[in-house]
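A closer look at the structure
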Amino acid sequence: MTSRLQALTRLSGVAAALSLPHVDTDQIMPKQFLKGIDREGLSQGFLHDMRFDAAGQKRADFVLNQAPWTEAMFLITGPNFGCGSSREHAVWGMRQLGIRCVIGASFGGIFSDNCLRNGVLALVLPDTEVARLTRLAQDPLGCQMALDLPTQSVYSAGDGRTLRFELDPLHKNMLLHGLDAVGMSLLHAQDIRDFETQYLAAHPWVQPEQNHPTR
Amino acid sequence: MTGRTLYQRIVDAHTVRPLGDGGPILLYVDRQVLNEYTSPQAFAALHAQGRPVWRPGASLAVVDHVNATTPVRNARTMVLHDADRARQVQTLADNCARHGIELFDMLDTRQGIEHVVASEQGWVLPGMVMAAGDSHTTTHGAMGALGFGIGSSEIEHLLATQTLVYRPQKNLRVTVHGTMPPGITAKDVVLSLIAQIGADGAAGHVIEYTGPAIEAMGVEGRLTLCNMSVEAAARGAIVAPDDTLFHYLHGRPRVPQGAHWDAAVAQWRNLRSDHDAVFEREVSLDARHIAPRVTWGTSPDQGVPIDGVVPDPAHEGDAQKRQGMQRALAYMALIPGQALQGLPISHAFIGSCTNSRIDDLRDAARYLRGRRVASGVRAMVVPGSSLVRAQAEAEGLAQIFQQAGFEWRQSGCSMCVAMNEDHLNPGDRCASSTNRNFEGRQGAGARTHLMSPAMVAAAAVTGVLTDLRSLPCH
């Protein structure tokens, strides 16, 4: 069960804040970056129109273009970040830019699942904690944060606090060991076969071959 | 023992096994649809591991996102000049051939938007679980099924195992009371709901729609409703199967026939929530009070009735929401207090997996007969599938659209997602029957107002956002 993914155990670095609500995956990875058949070369596309102007120049007033946040590894987001399209390109590009942990009050559901599959932690925290981390992340001198996945905690250097968070044990395990979900599920192949045999017998219309499609 | 919701019944019937104590389960999936832009990476990962496709017959592949919608479709016109898009289409064809998966390619008479094709073919049936690499897979809840969108890594998982690692969601019941007034459609109902509960209002939940207005609604309206439920962050949206649905399904190509049909319907009639089922949340709407809706902002919850005005961010108490509103108003070039009615448009678009079916085209055509698209407006119709297009031509609808000055195009996702050459330019303002008014969605710098197909038709002929109730229809 080796994986192309890197495990995520500890992470220490700069946090950037992007507190707009409902930043959708069309903004996170615009359509011109969806033309490939692989997962590569997407860092340029991440939040493209926020980071670059129409002439392709970096927007000096955007947080990810300003030191120290050009090196951000954490992104503190507004609610529902990653809503909209299922495009996993949004997570591939974000990760390629170096962001391995997003923290918000809520995330787009498919985006959150996609993060998990790519060694990125999408951490949901209460509004008050997200507001605190947002304030800290806006301070160039206080925006250092550290994630410790084994103890399920986030340390914020700006106020010296350590916050414990809840995480599904299965998800934690997948991130910690960079596990290949397909390989894990195939360990249950016999269970799937047994279920399928019974299920298809009880629902004979599910097997398309028996439907005699008329063309 | 307390009763179960319809959603819980479907999940229980598809649970292969639990996965640890945290709540995730291994969920069996009946069928999936694949497209050309989110599946290549899934197949590539599968091939890299040397894994076979678990059940090739569970997949149907359709080209829809990147194909051209040029009015004439043949082997010559459907050569994609963009090498990247051509490669996506070719890769899908290669992967389907390699694994024995059925493909509706660009020249297939059944080609269309994956979600339109799936219901049209009877590919999704009551009680099924359906997943696809497209967020609007919630559409299929109108079939009394559970449908939801997944990313490419999960497509890989699905192809390899015919299951997903799934976390059961909470239950949200949306009851729509009353009868819908004339001219009001499912689109107005769902835009009202999203404005009421917010773009994240159904996060972590699967919606079950119920109530007199839903019972009276046709299947195509229910498809619209379930389709756009994802814009309120729902992870699924279901309408319990009934005779309206069975009538819709009967005789479709992938639907069981004869004795199989009778046995299936007998089972499907049991697919409903128990009377004592527990819904974690309840929301209700009164259809009698729903007006034609339009959005003014860049999130689907930023909408008002057509006779409303652009709201003032200064009155929004939540700082984050206020910031979002201000950004949206700047992008949309609107000012607080401005009336939506009378706002000039440059484009009118009828299409998308939300609103491109035959009922949608009939609705729109009623406002076009004997009228012309206003000067300075470019108006397009992109039917949801090639079969919808053919039916509309047989019914004379195509002629109505064309005589009114609409472009009558071939099917695809087209200008809803603007991944082919159909897109708007910066500053264009479009009355659109689509599902997302996001920044740049229909083209960089383009401004989208979401509304029903009939409202798009009304705007097209007047050149401004218009209350269709003020326009006599035929």
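Residues numbered from 1 in each chain as written. Chains lettered and ligands numbered in written order. Predicted model: local features only at pLDDT ≥ 70, side-chain atom pairs only at ≥ 80, totals over all residues.

1. What to know about the overall build of chain B
Put simply, the rule reads: For the purposes of this entry, the term helix denotes a DSSP run of H or I that reaches at least four residues, the term strand denotes a run of E that reaches at least two, and both are numbered from the N terminus. In this treatment the radius of gyration is a C-alpha quantity, and the globule benchmark scales as 2.2 Å times the residue count to the 0.38 power. Exposure criterion: with C-beta atoms placed from backbone coordinates, a residue whose C-beta has 20 or more other C-beta atoms within 10 Å is buried, one with 12 or fewer is exposed, and one in between is partly exposed. Each residue is represented by a C-beta atom placed from its backbone, and any two residues with such atoms within 7 Å are regarded as in contact.
Each helix and strand in chain B was counted, giving 15 helices and 19 strands. In terms of overall size, chain B behaves like a compact globule, its C-alpha atoms giving a radius of gyration of 22 Å where 474 residues would be expected to give roughly 23 Å. Judged by the C-alpha coordinates and their principal axes, chain B covers about 55 × 55 × 45 Å. Per-residue burial for chain B yields a buried fraction of 60% across its 474 residues. Counting only contacts in chain B whose residues sit at least 6 apart along the sequence, the fraction spanning at least 24 positions is 77%.

2. Brief notes about the domain arrangement of chain B
Cut-off, in case you're wondering: The source of the domain bounds is an automatic or database domain assignment.
The domain boundaries assigned to chain B delineate domain 1 (22–166), domain 2 (170–289) and domain 3 (294–470). Taking the mean C-alpha position of each, domain 1 of chain B and domain 3 of chain B sit 27 Å from one another.

3. Some details on the sheet that holds strand β5 (residues 144–148) of chain A
What links the strands of a sheet is backbone hydrogen bonding, and the strands pair in either a parallel or an antiparallel sense. All names here are of chain A. Defined as follows: Pairing between strands requires that DSSP locate at least two bridges from one strand to the other. Inter-axis angles, ranging from 0 to 180 degrees, are taken between N-to-C directions of lines fitted to C-alpha atoms, where helices are fitted over the stretch in contact.
In space, the seven strands of this open sheet follow the order β4-β3-β2-β1-β5-β6-β7, with mixed pairing throughout. The open sheet has two edge strands, β4 (121–124) and β7 (161–164), and neither has a second partner. The mean inter-strand angle of the sheet, taken between neighbouring strand axes irrespective of direction, is 25 degrees. Pairing of strand β2 (residues 74–77) with strand β3 (residues 101–104) involves three bridges; the strand directions are parallel. Opposite I76, over in β3, you have I103 as the bridge partner. Contacting β1 (10–18), β2, β3, β6 (153–156) and β7, helix α5 (residues 127–137) runs over the sheet at an angle of about 90 degrees to β1.

4. A closer look at the interface of chain B and chain A
Across the contact, 65 residues belong to chain B and 55 residues belong to chain A. Looking at the side of chain B that touches chain A, the elements that each hand over two or more residues are β1 (15–18), β2 (25–28), α2 (40–48), α3 (83–99), α5 (152–161), β8 (163–166), α10 (259–268) and α11 (319–332) of chain B. The element best represented in the side of chain B that touches chain A is α5 of chain B, accounting for seven residues.

5. A closer look at the nonpolar core
Looking at soluble globular proteins, one finds that nonpolar side chains tend to be buried together. Stated precisely, the cut-off is as follows: A set of buried Ala, Val, Leu, Ile, Met, Phe, Trp, Tyr and Cys residues, joined to one another through C-beta atoms within 7 Å, is what we call a nonpolar core.
One finds V102 of chain A together with V129, A348, A431, V456 and A460 of chain B to be the most contacted residues of the largest nonpolar core, which totals 207 residues. Those residues in contact with V102 of chain A that lie beyond four places of it in its chain are L75, T77, F81, C115, V120, A122 and L123 of chain A.

6. A short note on the packing of helix α12 (residues 358–365) of chain B against helix α14 (residues 397–404) of chain B
For any two helices packed against each other, the geometry comes down to the angle between their axes and how far apart the axes lie. All names here are of chain B. The test is simple: To sort the angles, those under 35 degrees are grouped as roughly parallel, those over 145 as roughly antiparallel, those from 65 to 115 as roughly perpendicular, and the leftovers as oblique. The sense of a crossing depends on the near helix, which, turned anticlockwise from the far helix by less than a right angle, makes the crossing left-handed and, turned clockwise, makes it right-handed. Each residue is assigned to one class: nonpolar for Ala, Val, Leu, Ile, Met, Phe, Trp, Tyr, Cys and Pro, charged for Asp, Glu, Lys and Arg, and polar for all the others, Gly among them.
One can describe the packing of α12 onto α14 by two numbers: an axis separation of 10 Å at closest approach and a directional angle of 45 degrees. Overall, the two elements α12 and α14 adopt an arrangement that is oblique. Of the two elements, α12 crosses α14, and the hand of that crossing is left-handed. Residues L361, R362 and A365 of α12 touch α14, and the partners they reach there are L397, I400 and F401. Looking at the contact of α12 with α14 residue by residue, the classes come out as five nonpolar, no polar and one charged.

7. Quick notes on the confidence of the model for chain B
This is how it is decided: Note: pLDDT gives the predictor's confidence per residue, expressed from 0 to 100.
Looking at chain B as a whole, the pLDDT averages 97, with 100% of positions reaching at least 70. Reported confidences for the modelled complex are a pTM of 0.97 and an ipTM of 0.96.

8. What about the pairing of β4 of chain A?
Residues and elements named next belong to chain A. Cut-off, in case you're wondering: By convention a crossover is right-handed if, when the strands point away from the viewer, the path from the first strand over the helix to the second runs clockwise.
Examined bridge by bridge, β3 and β4 share four bridges and lie parallel to one another. Note that in β4 the partner of C101 across the bridge is L121. Between the parallel elements β3 and β4, the chain passes through helix α4 (residues 109–116) in a crossover that is right-handed.

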